[in-house]
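# Tertiary structure, described
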Amino acid sequence: MTTTSPITASDQRRVSKAAVRDEPPRRRFKPGAGRQHHAGPFAYFALAVVGIGSLFPLYWTLVAASRTQDEILDTTPPLLPGGNLFHNLQAAWEQANLGKAIVNTVIVSASITLATLFFCTLAGYAFAKMRFKGRGALMTAVIATLTIPPQLSVVPLFMMMSDIGWGGQLESVIFPTLVSAFGVFFMRQYLVEALPYELIEAGRVDGANNIRIVWSIVLPVARPAMMVLGMLTFVQAWNDFFWPYLALNAENPTIQVALGELSASYVPDQSIVMAGALISTLPLLVVFVIFGKQIVGGIMSGAVKG
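What comes next is a walk through the structure. (Residues numbered from 1 in each chain as written. Predicted model: local features only at pLDDT ≥ 70, side-chain atom pairs only at ≥ 80, totals over all residues. Heavy atoms only, no water.)

## Concerning the overall build of the protein chain
- Within the protein chain, the secondary structure is distributed over 14 helices and 0 strands.
- Secondary structure elements of the protein chain, listed N to C terminal, follow the sequence α-α-α-α-α-α-α-α-α-α-α-α-α-α.
- Taken across its 306 residues, the protein chain has 32% of its residues classed as buried.
- Nonlocal contacts in the protein chain, meaning residues at least 24 apart in sequence, comprise 72% of its contacts between residues at least 6 apart.
- Put simply, the protein chain shows about 20,100 Å² of open surface, and 66% of that area lies on carbon and sulfur atoms. (Helix = DSSP H or I, 4+ residues; strand = E, 2+ residues; numbered from the N terminus. Buried < 20%, exposed > 50% of the residue type's maximum accessible area, 1.4 Å probe, protein only. Contact = heavy atoms within 4.5 Å. Areas by Shrake-Rupley, 256 points an atom, 1.4 Å probe, with all protein chains shown as cover.)

## Remarks on the packing of helix α9 (residues 181–194) against helix α11 (residues 210–239)
- For the pair α9 and α11, the least separation of the axes is 10 Å and the interaxial angle reads 145°. As α9 runs across α11, the sense of the crossing is right-handed. Residues F182, G183, F186, M187, Y190, L191 and A194 of α9 touch α11, and the partners they reach there are V218, V221, A222, P224, A225, M226, V228, L229 and L232.
- Considered class by class, the residues forming the contact of α9 with α11 number 15 nonpolar, 1 polar and no charged. (Axes fitted to C-alpha atoms, helices over the stretch in contact; angles between N-to-C directions. Left-handed = near helix turned anticlockwise from the far one by under 90°. Nonpolar A, V, L, I, M, F, W, Y, C, P; charged D, E, K, R; others polar.)

## Focus: the packing of aromatic side chains
- For the structure on display, the rule yields 6 aromatic pairs.
- Measuring from ring centre to ring centre gives 6.2 Å for F127 and F132, while their planes differ by 50°; the resulting arrangement is tilted. (Phe/Tyr/Trp six-rings, centres within 6.5 Å; stacked < 30°, edge-to-face > 60°.)

## Some thoughts on helix α4 (residues 85–95)
- Along α4, the residues classified as buried are L85, N88, L89, A91 and A92. Taken around the axis of α4, the buried residues stretch over an arc of 165°, which confines them to a single face. Turned more than 90 degrees off the buried face of α4, the exposed positions are F86, H87 and E94.
- Just past α4, the residue N97 takes up positive phi, approximately 55°. (Arc of directions from axis to C-beta.)

## Regarding the packing of helix α5 (residues 98–129) against helix α13 (residues 255–262)
- The N-to-C vectors of α5 and α13 enclose an angle of 150°; their axes lie 8 Å apart at closest approach. One way to sum up the angle between α5 and α13 is to call them roughly antiparallel. Across the interface between the two elements, L98, A101, I102 and T105 of α5 pack against I255, A258 and L259 of α13.
- Residues belonging to the contact of α5 with α13 are distributed by class as follows: 6 nonpolar, 1 polar and no charged. (Parallel < 35°, antiparallel > 145°, perpendicular 65-115°, else oblique.)

Next comes the structure, spelled out in structure tokens:
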């Protein structure tokens, strides 16, 4: 006959501790994790304020371009468009030679954008994934150039363009800005995270050379960042005024130089100046409407990396 010894309190504690150790770990979720948050009235109000504040300058340009000089300078400026829009647009087009200015600006902006995307992507890939001596020092030098004010290089750059014979020509605006330090840094930072070494090694195993790797692997991976950089570069080149105003003249202007000449008279007609500004803004709006989806997708693709 066997007898069972009574289970003591210490034995129960040991059994309970062993059971706790054997249990699978429980996942701890933060309060609200996985829950879809809905915007409240304050969020809609803030978005409406930001949207109105962003669109009001464009709306005021339209209003001023459709009014007369006296109506704009009135003590109570108008808030609704008038009936002189097409007259002011025609006057601005003829007085500032905006047709040639827009063609020149398209050539300059497209050339600078394509060259920046090409060279900055190659340089960004080299700094991000290739190993060579002096890589860190060269990258530091590229970043250091961002701290130099561009006004310091105006005089030697102007003398250089004059010696070459490009004074007053579009080449004097295009070639000094074919590569940007910001673009190299931007593409390098994107490719460090977005381009794994395994893809490059797989391409080399398949017998691809560096040109094929760049064309078939690097460019498809870098396309979202290239869209963002291309938009930023195009807008900057389109709106650039300081250096084109010094390098070009009224006979061969860009759009910003033409607008500067339009407002350079002793008493400029602000309605005509605003009409010219409206004409210069429309191509940028068209570009954003066409490529806006890709640009926003590239920004969001860079935002979720990590």
